[in-house]
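Chains, contacts and geometry: an overview
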Amino acid sequence: MKAQIVSLIEQALNALKQGENWPEDLRPQVQVDLTRDKSHGDLASNIAMTLAKPLRKSPRDIAQQIISALPASPMVNKVEIAGPGFINFYLNNSAVASVITDVLGQGSNFGRSTIGQSEKVQVEYVSANPTGPLHVGHGRGAAVGDALCRLLQATGHDVTREFYYNDAGAQIDNLARSVQARCQGLEPDSDQWPTDGYRGDYIKDVAQSYLAGDRIDAEDKHVTGAAEPDNLDAIRDFAVAYLRREQDLDLKAFGVNFDVYFLESSLYSEGKVDEAVKQLVENGHTYEKDGALWLKTTDFGDDKDRVMRKSEGGYTYFVPDVAYHLNKWQRGFSTVINEQGADHHSTVTRVRAGLQALNAGIPEAWPDYVLHQMVLVMRGGEEVKISKRAGSYVTLRDLIDEVGRDATRYFLVARAASSQLTFDIDLAISQSNDNPVYYIQYAHARVCSVLRKLAEQGWQWSAEHSCDTLDRLSEEAELALMKRLSAYPATVTAAATHREPHTIANYLRELAGEFHSYYNSFKMLDDDEGLRNARVALSVAVKQVIANGLDLLGVSAPEEM
RNA sequence: GCGCCCGUAGCUCAGCUGGAUAGAGUAGGUGGCUUCGAACCACUUGGUCGGGAGUUCGAAUCUCUCCGGGCGCGCCA
């Protein structure tokens, strides 16, 4: 209905443009918003105020001209000028109620759109190295990244979900030596414990499994333990596969899946790293200094140049990173979104600089980044430090087990990624009934309950027939609910374009709140058949939109609780 | 010192590309189940939107500058 009002205003403006001598280049953007206060009507536009300066007239005069030029519309009851020059539109009830017909007709497709035009988009998220179980920070990345993917799919993008991990290099060597030490019966506090070794108890589990000769089946790796404590290579392969499998299980329990697992080692084995380096050297953006090879990232906005090849001969991590992103570009992803922890934000400039230096026609601001800030974990009133090496640790699986999958996902995705997040485990566990996610789910379950009750009473209801009775919905609460429902599609597209899945959580909270309030004030299953059918239709529409929205967040919509 | 993020009610946080009297949860207070599920609702207490300056019809929102907190600033990833 918003689009129709915008169209009416545009027609009025075009008419005015003929009569008046408006500047040619004046192309006003018509903005129409749902009003916050019902005394301001249903929809309002600030167009007159934005035109005041270029036209050198008072906003209220312009508003009056626009109103006079507005074409008649069956959905508009009244138009008023208010305040400094707002144009307020009052809609008739049937125009507002048409959203119910839309929701019931479109079902799970309500809110979905094709604005993405099947653009190939890749989202890389989690991308944890296989050196330990996933922790809360990874959980936030998983929740945000997955919700982003769902949003992009809902808006018509062709989405690929990708997980990149480092299965070679110094960290993996540390891992292998740590497992080996456990195989030899060493404890982390031993003098002989490897420097920078991983001290967590899970290392002991890996060692035991290796010595037992277990077979490990991870998503992309299958390894049998060689049971030889001296064979560091075998231990390395086994440990990586073991921890990859653990992460797979964590992600599966969290309801997060990937299309592609990309191994850093493949970039080396397929010569992609050497190719990228060669290209960078040929393009003249590198130089030798102190026995190392440097990339002049300062040519592309970095504050200092970066070492590509260390004096000992190995590449620094960002070289395979650049090769990896070149590979993404070559795979045809016009948009790539990297969801990462903000502690790695320094890679953004570096990767982009490397890609520019390749001179491969990649846009300067490519790829996109969504960076989430740190998660502060509270337990027993104290902050739990996350340290893999120390082994003090809140794993994602602990959270799922203790708090529940739905609540964990909701908590981690309900806040803006740019804000730090305090996850109070005690609160999430002990007061789990006051959890906002249950509040939303409860609204859904309530409608399901109403439908069960309806059937028990022997009453019939169908979406098709109820549409004739929607004019019975005239209570303030009902009109407000319907307006809220009609705002859903725009909420979805905005969340997708701005990459802000948390706005869906906000929307659902408000929708659920309005529904609970409505439910407590009015009887759904009224004896009056017309009124009853109309109210049930509204309730079912609310249930549908809650289900659609929760699905975007990866949270379930239970029929009973 | 430089870069990024944050600073809104006691606490945790929303406030869409600037819009009409700043919102929610939680905590505190008072009420509401013989009636569709009380995991709910109604009312109520509580804020110089960190400070200051600027941009304009209008700023929590944009710009600048201070103050405070987080995270980065490796020939680690």
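What this report covers is the structure whose coordinates are included nearby. (Residues numbered from 1 in each chain as written. Chains lettered and ligands numbered in written order. Predicted model: local features only at pLDDT ≥ 70, side-chain atom pairs only at ≥ 80, totals over all residues. Heavy atoms only, no water.)

Our focus in this paragraph is the nonpolar core. If you look at the biggest cluster of nonpolar residues, it comprises 140 residues, and the most contacted ones within it are Ile 100 and Phe 423. When residues of this core are assigned to their parent elements, the largest contribution, 12 residues, is made by helix α21 (residues 529-553). Setting aside residues up to four positions removed in sequence, Phe 423 forms contacts with Val 136, Val 375, Leu 376, Val 377, Met 378, Leu 399, Val 403, Phe 411, Leu 412 and Ala 428. Counting 27 residues, the second-largest nonpolar core is a separate cluster that includes Val 277, Met 308, Tyr 324 and Val 351. (Core = buried A, V, L, I, M, F, W, Y, C linked by side-chain atoms within 4.5 Å. Buried < 20%, exposed > 50% of the residue type's maximum accessible area, 1.4 Å probe, protein only. Helix = DSSP H or I, 4+ residues; strand = E, 2+ residues; numbered from the N terminus. Contact = heavy atoms within 4.5 Å.)

Reading across from one edge, β16-β15-β17 is the order of the 3 strands in this open sheet, with mixed pairing throughout. The sheet is open, and its two borders are formed by β16 (382-384) and β17 (421-424), each paired with just one other strand. Geometrically, the sheet is characterised by an average inter-axis angle of 40 degrees between neighbouring strands, direction not taken into account. (Pairing = 2+ DSSP bridges. Axes fitted to C-alpha atoms, helices over the stretch in contact; angles between N-to-C directions.)

Further remarks concern the protein's contact with RNA strand B. RNA strand B sits among 61 residues. The nearest are Arg 36, Asp 37, Ser 418, Tyr 439 and Tyr 442. Restricting attention to atoms of RNA strand B within 4 Å of the protein, one finds that 62% of them are sugar or phosphate atoms. One of the side-chain nitrogen or oxygen atoms of Ser 449 is found 2.9 Å away from a phosphate oxygen of RNA strand B. Of all the secondary structure elements, the ones that give two or more residues to the surface near RNA strand B are α2 (47-55), β4 (86-91), β17, α16 (436-456) and α20 (502-521). Among the elements that line the surface near RNA strand B, the one with the most residues is α16, at 9 residues. Tallied by class, residues from the surface near RNA strand B come to 20 nonpolar, 26 polar and 15 charged. (Near = heavy atom within 4 Å. Polar contact = N/O pair within 3.5 Å; in protein donor to acceptor, adjacent residues only side chain to side chain. Nonpolar A, V, L, I, M, F, W, Y, C, P; charged D, E, K, R; others polar.)

Turning next to the packing of helix α13 (residues 396-403) against helix α14 (residues 405-413). Remark: α13 packs on α14, axes separated minimally by 7 Å, with the N-to-C direction vectors making an angle of 120 degrees. The orientation of α13 with respect to α14, classified from their angle, is oblique. On the side of α13, the interface is formed by Leu 399, Ile 400 and Val 403, while α14 contributes Arg 405, Ala 407 and Thr 408. When the residues that make up the contact of α13 with α14 are grouped by side-chain class, the tally is 4 nonpolar, 1 polar and 1 charged. (Parallel < 35°, antiparallel > 145°, perpendicular 65-115°, else oblique.)

To continue, consider α21. An ideal rise of 1.5 Å per residue puts 36 Å on 25 residues; α21 measures up with 36 Å between its terminal C-alpha atoms. In terms of burial, α21 is a largely internal element, 21 of the 25 residues being buried. For α21, the capping residue at the N-terminal end is Asp 528, with a side-chain oxygen 3.1 Å from the backbone nitrogen of Gly 530. With its phi angle positive at about 75 degrees, Gly 554 sits one or two positions after the end of α21. (Expected span 1.5 Å × (residues − 1).)

What follows is about unusual backbone geometry. In this chain, Trp 366 is followed by Pro 367 through a cis amide linkage whose omega measures 0 degrees. Relative to the elements of secondary structure, Pro 367 occurs in the loop between α12 (346-358) and β14 (368-372). We note that Ala 227 has phi near 60 degrees; this positive angle belongs to a residue other than glycine. Note that Ala 227 resides in the loop between β8 (222-224) and α8 (232-254). You can call Ala 227 partly exposed: its relative accessible area is 34%. The phi angle at Asp 290 is positive, at roughly 55 degrees, despite the residue not being glycine. Here Asp 290 shows up in the loop between β10 (286-289) and β11 (292-295).

The contact between helix α7 (residues 202-211) and α8 brings their axes to 10 Å, and the two run at 120 degrees. Classified by the angle their axes make, α7 and α8 are oblique. Read as a crossing pair, α7 and α8 show a hand that is right-handed. Residues Tyr 202, Asp 205, Val 206, Ser 209 and Tyr 210 of α7 form the contact with α8, whose own contacting residues are Ala 234, Ile 235, Phe 238, Ala 239, Tyr 242 and Leu 243. (Left-handed = near helix turned anticlockwise from the far one by under 90°.)

The element strand β5 (residues 120-124) is extensively covered by neighbouring structure, given that 4 of its 5 residues are classed as buried. Relative to strand β6 (residues 158-165), β5 runs parallel, the two being bridged by 5 bridges. The residue bridging Glu 124 from the neighbouring strand is Glu 162, located in β6. Note on the crossover from β5 through helix α5 (residues 136-154) to β6: the handedness is right-handed. Both β5 and strand β13 (residues 335-341) contribute to a ladder of 4 bridges, which runs parallel. When the bridges of β13 are listed, Val 121 appears paired with Thr 335. (Right-handed = clockwise from strand over helix to strand, strands pointing away.)

A separate point is the packing of aromatic side chains. Taken as a whole and assessed by the stated rule, the structure comprises 18 aromatic pairs. With centroids separated by 6.1 Å and ring planes inclined at 20 degrees, the aromatic side chains of Phe 110 and Tyr 488 adopt a geometry described as stacked. Placement of Phe 110 in the loop between α4 (93-106) and β5 and of Tyr 488 in helix α19 (residues 488-497) is noted, with a sequence separation of 378 residues between them. Considered together, Phe 110 and Tyr 488 belong to a single accessibility category, that of buried residues. Look at Phe 411 and Phe 423: their rings are 5.3 Å apart centre to centre, the planes differ by 40 degrees, and that puts the pair in the tilted class. Here the residue Phe 411 occupies a position in helix α14, and Phe 423 occupies one in strand β17, the gap between them amounting to 12 residues. One aromatic cluster in this structure is built from Tyr 125, Phe 163, Tyr 165, Phe 258 and Tyr 261. The positively charged end of Arg 245 is found above the aromatic ring belonging to Tyr 242, 5.0 Å away from the centroid. One cation-aromatic arrangement involves Lys 289 over Trp 294; the distance from NZ or CZ to the ring centre is 4.7 Å. (Phe/Tyr/Trp six-rings, centres within 6.5 Å; stacked < 30°, edge-to-face > 60°. Lys NZ or Arg CZ within 6 Å of the ring centre and 35° of its normal.)

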